[in-house]
Amino acid sequence: MTQDELKKAAALAALDEIEAGSIVGVGTGSTVNHFIDGLATLSDRVRGAVSSSEASSKRLAAHGIRLFGLDEVDEIPVYVDGADEIDGNFCMIKGGGGALTREKIVAAVARRFVCICDASKKVATLGRFPLPIEVIPMAAPQVTREIVRLGGRPQLRTGFVTDNGNLIIDVHGLSISDPVGLEERLNQIVGVVTNGLFARRGADVLLLAGAGGVERQVRD
């Protein structure tokens, strides 16, 4: 199977995680696009969705799926999203598509986080994939200096602005043995909106697609 076929298999497996009559939290990215397309076949079973990005909102709306804001819901039963990397403790690096802040907000409202990805995203230690950090534009030079002090190699994502009007700094060269600690430390840097470590609120369920099918793993 191609990588895209594996992504689609994981995405469609997540349809079984959706509660009938519920509002679904929807992430962002190529794997999630497959999930949205599959969700359209269940549109009579779900009330609608809370989206984490403008791109996902447009795709949901094109399928006729009603969009809800967080001012309209107190809680989301399930949030479905992909990951750029995920470790054995279900901590993740996310934000390759630049939607990390809204993804983190929607995930915080969800009772369960279902991560969908292909087997190449499972790693022993996070950090091979560059860690995205969303920053207020004015603060980018100072945040860059602080990241260098922490041992990272920061690189501004050129030509990209987030849905929130901010910039992304991608940090290379990290081997992240303490995802929770690093997530908290980076978020303390003045000018950082948030970073792409989803460790304090990691995944609850992992649907991992490989050559043998989709394996459902649950966090201990």
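Fair warning: this is a prediction, and the values are worked out from it, not measured in the lab. (Residues numbered from 1 in each chain as written. Predicted model: local features only at pLDDT ≥ 70, side-chain atom pairs only at ≥ 80, totals over all residues. Heavy atoms only, no water.)

K.L.:
Can you break down the overall build of the protein residue by residue, with the values?
P.N.:
Along the backbone of the protein there are six helices and 13 strands. Surface exposure of the protein reaches about 10,000 Å², of which carbon and sulfur atoms provide 49%. In the protein, 24 side chains carry a positive charge and 28 a negative one; their mean positions are 3 Å apart. (Helix = DSSP H or I, 4+ residues; strand = E, 2+ residues; numbered from the N terminus. Areas by Shrake-Rupley, 256 points an atom, 1.4 Å probe, with all protein chains shown as cover. Lys, Arg positive; Asp, Glu negative; His and termini not counted. Charge placed at Lys NZ, Arg CZ, Asp CG, Glu CD.)

K.L.:
Tell me about the sheet that holds strand E5 (residues 92-93), and name the residues and values.
P.N.:
Here three strands make up an open sheet; going across it, the order is E4-E5-E11 and the pairing antiparallel. Each having just a single partner strand, strand E4 (85-86) and strand E11 (197-198) make up the two edges of the open sheet. (Pairing = 2+ DSSP bridges.)

K.L.:
Before we move on, could you go through the packing of helix H1 (residues 3-13) against helix H2 (residues 30-39) and cite the residues and values that matter?
P.N.:
The relative placement of two packed helices comes down to the angle between their axes together with the axis-to-axis distance. Contact pair H1 / H2: the axes reach a minimum separation of 8 Å and the direction vectors enclose 50°. Considering the angle they form, H1 stands oblique to H2. For the pair H1 and H2, the sense of crossing is right-handed. Contacts from Asp4, Lys7, Lys8, Ala11 and Leu12 of H1 reach H2 at Ser30, Thr31, His34, Phe35 and Gly38. Here the residues of the contact of H1 with H2 sort into three nonpolar, four polar and three charged. (Axes fitted to C-alpha atoms, helices over the stretch in contact; angles between N-to-C directions. Parallel < 35°, antiparallel > 145°, perpendicular 65-115°, else oblique. Left-handed = near helix turned anticlockwise from the far one by under 90°. Contact = heavy atoms within 4.5 Å. Nonpolar A, V, L, I, M, F, W, Y, C, P; charged D, E, K, R; others polar.)

K.L.:
Lay out unusual backbone geometry in plain terms, naming residues and giving numbers.
P.N.:
Its identity as a non-glycine residue notwithstanding, phenylalanine 90 has a phi of 70°, on the positive side. Residue placement: phenylalanine 90 occurs in the loop between E4 and E5.

K.L.:
Which residues make up the nonpolar core, and what are the values?
P.N.:
In terms of nonpolar packing, the biggest core is built from 24 residues, with Val26, Phe35, Leu39, Val80, Val114 and Ile116 touching the most fellow members. Of all the secondary-structure elements, those providing two or more residues to this core are H1, strand E1 (23-26), H2, strand E3 (76-81), strand E6 (110-118) and strand E12 (205-210). With four residues, H2 is the single largest residue contributor to this core. Membership of the second largest hydrophobic core comes to 22 residues, among which are Val135, Ala140, Val171 and Leu186. (Core = buried A, V, L, I, M, F, W, Y, C linked by side-chain atoms within 4.5 Å. Buried < 20%, exposed > 50% of the residue type's maximum accessible area, 1.4 Å probe, protein only.)

K.L.:
Can you explain the sheet that holds strand E13 (residues 213-218)? Please cite residues and give values.
P.N.:
Taken in spatial order, the six strands make up an open sheet running E2-E1-E3-E6-E12-E13, and their pairing is mixed. For this open sheet the edge positions go to strand E2 (48-51) and E13, each flanked by a neighbour on one side alone. Across the sheet, the axes of successive neighbouring strands diverge by a mean angle of 25°, strand direction being ignored. Relative to E6, E3 runs parallel, the two being bridged by five bridges. The residue of E6 that forms the bridge with tyrosine 79 is phenylalanine 113.

K.L.:
Quick one: what's the story with the packing of aromatic side chains, residue by residue and with numbers?
P.N.:
Tallied over the full model, the rule gives one aromatic pair. Considering the side-chain rings of tyrosine 79 and phenylalanine 113, the 5.0 Å spacing of their centres and the 85° angle between planes classify their relative orientation as edge-to-face. In this pair, tyrosine 79 is assigned in strand E3 and phenylalanine 113 in strand E6, connecting sequence segments 34 residues apart. For the residue pair tyrosine 79 and phenylalanine 113, the accessibility class agrees, reading buried in each case. Here the guanidinium or amino end of lysine 104 rests over the ring plane of phenylalanine 198, the centre of that ring lying 5.0 Å away. One Lys or Arg, arginine 157, reaches over the ring of phenylalanine 160 and ends 5.2 Å from the middle of that ring. (Phe/Tyr/Trp six-rings, centres within 6.5 Å; stacked < 30°, edge-to-face > 60°. Lys NZ or Arg CZ within 6 Å of the ring centre and 35° of its normal.)

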